[in-house]
Each structure stands twice: as C-alpha cells, then as structure tokens.
Amino acid sequence: MSSEKPTKSRILPAALLIIGIIAIIAGTAAYIRSEYGYIISDAFAHIGDEKKEAEIIYPQTVSVALADFLADPRVEQNDALMLINTDHLLEDDLSADIEEYKDSGVLMNVCAEAAYADIAKKVDELFGEKLYISSAYRTAEEQAETIAEEGKKAQEVGASEHQAGLALDVYVKYHAGIAFIDVDSGKWVNENCGDYGFIIRYPYYGVASTGIEYEPWHLRFVGSPHAEYIMSNRITLEEYIESLELNEFYDIGGFTVTRQSGDTVEVPQSFAHAEVSRDNLGNVVITVG
Ligand SMILES: [Zn+2]
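The sections below set out a description of the structure shown in this document. These figures come from a predicted structure and were not determined experimentally.

Some details on the sheet that holds strand β6 (residues 132–135)
The strand order β6-β7-β9-β8 describes an open sheet built from 4 strands, whose pairing is antiparallel. Every interior strand has two partners, whereas the edge strands, β6 and β8 (198–200), have only one. Shown here is a sheet whose adjacent strand axes are inclined to one another by a mean of 45°, direction ignored. As paired elements, β8 and strand β9 (residues 218–221) share 3 bridges and run antiparallel to each other.

Below, the structure written as structure tokens:
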C-alpha cells in the first residue's frame, strides 16, 4: 500500500527530467548543425560566383598512335584524372607513381607533390599554420586496416583514391576531420584549393553524386585547369568526367581538353606541352596547354 504513493510522485519529476534531457540533446544537435551549416556555406560562399565555361572547339588535329604520343618528350603521363569510386575500382595491380614527399615519411603520387608544396606554403604565409597530412598513399592492405578501424566511413578496397596516392587528408594543429572547416585556414583551403590543382572530392553539395558525406579534409589532386573548373562550377569529379564527351575537344580555362579511347588518338597539330591521364573507365584524358 505504502509503496504506490512514492512511485506515483516520482513519475512526474522523472518525466520532466527525461523531457529536459531530450530538449538539451535536440537543442545541442540543432545548434551544432546550424553552426556547421553556417560555417560550410560561409567557406563556400564565393565558390560558384564565377562559373567556368567548357566550350566545344574544333582545333586542327593529327592522328597518332597513343604509344607514340606518350613517347613524345612534350607529353607527360600522370594519374591526375583517374575516377576512383565503388563503381570504378582500381585494378589490383595498379602501378601508381608513388614517391616520398621531401623526406617527410609521407608517400604520395608524384603528380601531387608540387601542388601540395604550393598550397602548404600559402597556408603558412596567410595563417602561420602548417598544413599537415594525416593520410596520403595507402596500400590495399592499409586500406583494409582503415576499414577495420573506421568501418563504413572508409571506402572499400579498390575504391579509395588513397590507394593511388592522389588523395591527401589534411589538417592544421587542433583542427582535424570535420573541425578543419571550423578554422580560417581550413575554410580557405576549402575555398581556394582549386587554384592549386586540388578539389574537395566530397563536397557538401556533391553527396547525391558521390554517395559520400562532406569531407572538408580530403583533398584530391586533379591538376589544372580541371580543379579550377570543378570547384568553380560546384560539380564533382564524377560529373566532370561524365561531362567530357568522347572525342570532343573543349576549351577549359585556355587549355584544350579531350577524352578519347583506343590505341590511336587525335591530338592538336601543334602544341608545346600535353598531359595524359587514364580516366579509369578505359579512356584517356589529354590536356594540352
Ligand atoms: Zn581521405
């Protein structure tokens, strides 16, 4: 008999306590979300202001065997435009051009080295901060370990750009991961990396295309003029590669860009320098500039 009373009198305070806790959690979550929403949109405020055009052009061309073109001293081959995702896995025997960056112990794709040096130097100049790398090149085994550590957040083996050394996970002191966007240097990197040959590979506006949540720390090297174009137009690498119709020639930022397949390619008759990258879809992208 006496046990009923105290039980009833405890129900109301307990309910109020639970409601209070729920309110605090919901309020905090809403605050964090709006805070990051503001920070993210603020960091990208100027991106998209100046949309870049990709104009179809008709240069004078010659047919040349791809092997001969690649052997031309004016032509440089790299992996900059490889599209790597769950639909386009890397080959098991991928031969990526990996090198240690300036005795740092950090391994990355050779094609990204100069660009990283440039953007890190600029971050130091502007903010007095070091742009560190927490992860760059990973072997398939290391990617499997990353999956074991991070679970679903990590890409399956073969779907990670880290395995080609093309992705750099960057941070500044005290601001790693999503907190990278919480500091001026991180916002600047997110807004300006396109000028240095890098893209934010998983931008907050690209989730529908990439299937991956915003990763402000994951820089992907694609080179010039591709990075400027991708970032200025708020598109993803998937959308960019798909937009390059096979055998067309585009003027992008003063460069001639063409995506072709087969053993013979059509290339501009006269040029000073060209870059060729596999696209990981069976074609090559040729950038002449
Ligand atoms: Zn990454």
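Focus on the environment of alanine 274
Along the chain, alanine 274 turns up in strand β13 (residues 274–278). In this structure, the C-alpha to C-alpha distance between alanine 274 and isoleucine 286, residues 12 residues apart in sequence, is 6.8 Å.

Overview of the nonpolar core
Ranked by size, the top nonpolar core spans 60 residues in total, and within it Ile119, Leu168, Cys193, Phe198 and Ile199 carry the most contacts. Considering every element that reaches this core, the biggest residue donor is helix α3 (residues 113–127), with 5 residues. When sequence neighbours within four positions are dropped, the list of residues in contact with leucine 168 reads Met108, Ala112, Tyr116, Ile133, Ala136 and Leu219.

Structural notes on the sheet that holds strand β10 (residues 249–252)
Strand order across the open sheet formed by 6 strands is β1-β10-β11-β14-β13-β3, with mixed pairing between neighbours. In this open sheet, the two edge strands, each paired with only one partner strand, are β1 (54–57) and β3 (75–78). Between one strand and the next, the sheet's axes are offset by a mean angle of 25°, whatever the strand orientation. Where β3 lies against β13, 4 bridges are found, and the strand directions are parallel. Paired with glutamate 76 across the two strands is glutamate 275, which belongs to β13.

Structural notes on the packing of α3 against helix α5 (residues 184–192)
Each pair of packed helices can be summarised by the angle the axes make with each other and by the distance between the axes. Contact geometry for α3 and α5: axes closest at 11 Å, N-to-C directions at 140°. Taken as axis vectors, α3 and α5 run oblique relative to one another. In the packing of α3 onto α5, the handedness of the crossing is right-handed. The segment α3 lies against α5, with Ile119, Val123, Leu126 and Phe127 engaging Asp184, Ser185, Trp188 and Val189. When grouped by side-chain class, the residues that make up the contact of α3 with α5 number 6 nonpolar, 1 polar and 1 charged.

Thoughts on α3
Taking 1.5 Å per residue, 15 residues should reach 21 Å; α3 reaches 21 Å between its end C-alpha atoms and fits that length. Of the surrounding secondary structure, the elements contacted by the buried residues of α3 are β5 (107–109), β7 (167–171), α5, β8 and β9. Immediately beyond the C-terminal end of α3, within one or two residues, lies glycine 128, with a positive phi of roughly 65°.

A closer look at the pairing of β10
Pairing of β1 with β10 involves 4 bridges; the strand directions are antiparallel. Across the sheet, residue isoleucine 57 finds its bridge partner in β10, namely phenylalanine 249. Relative to strand β11 (residues 255–260), β10 runs antiparallel, the two sharing 4 bridges. By the bridge assignment for β11, isoleucine 252 is matched with phenylalanine 255. Once β10 ends, the chain turns through 2 residues before running back antiparallel as β11, passing glycine 253 with a positive phi of about 55°.

Rules and cut-offs
In every chain, residue numbers begin from 1 and rise along the written sequence. Totals for whole chains, interfaces and linings use all residues, but because this is a predicted model, local features are given only for residues with pLDDT of at least 70 and pairs of side-chain atoms are given and counted only at 80 or more. At least two bridges found by DSSP between two strands are what make those strands a pair. Where helices and strands are cited, they refer to DSSP runs of H or I of at least four residues and of E of at least two residues respectively, numbered from the N terminus. Lines fitted to the C-alpha atoms define the axes, with helices restricted to the stretch that makes contact. Angles between their N-to-C directions range from 0 to 180 degrees. Linking buried Ala, Val, Leu, Ile, Met, Phe, Trp, Tyr and Cys residues through C-beta atoms within 7 Å yields a set, and such a set is a nonpolar core. Exposure classes come from backbone-placed C-beta atoms, where a residue is buried if 20 or more other C-beta atoms lie within 10 Å of its own, exposed if 12 or fewer do, and partly exposed in between. We call two residues in contact when their backbone-placed C-beta atoms lie within 7 Å. For classification purposes, an angle smaller than 35 degrees is called roughly parallel, one larger than 145 roughly antiparallel, one from 65 to 115 roughly perpendicular, and anything else oblique. Take the far helix as the reference: if the near one is turned anticlockwise from it by less than a right angle, the crossing is left-handed, and if turned clockwise, right-handed. Ten residue types, Ala, Val, Leu, Ile, Met, Phe, Trp, Tyr, Cys and Pro, are classed as nonpolar, four, Asp, Glu, Lys and Arg, as charged, and the remainder, Gly among them, as polar. To estimate how far a helix should extend, the number of its residues minus one is multiplied by 1.5 Å.

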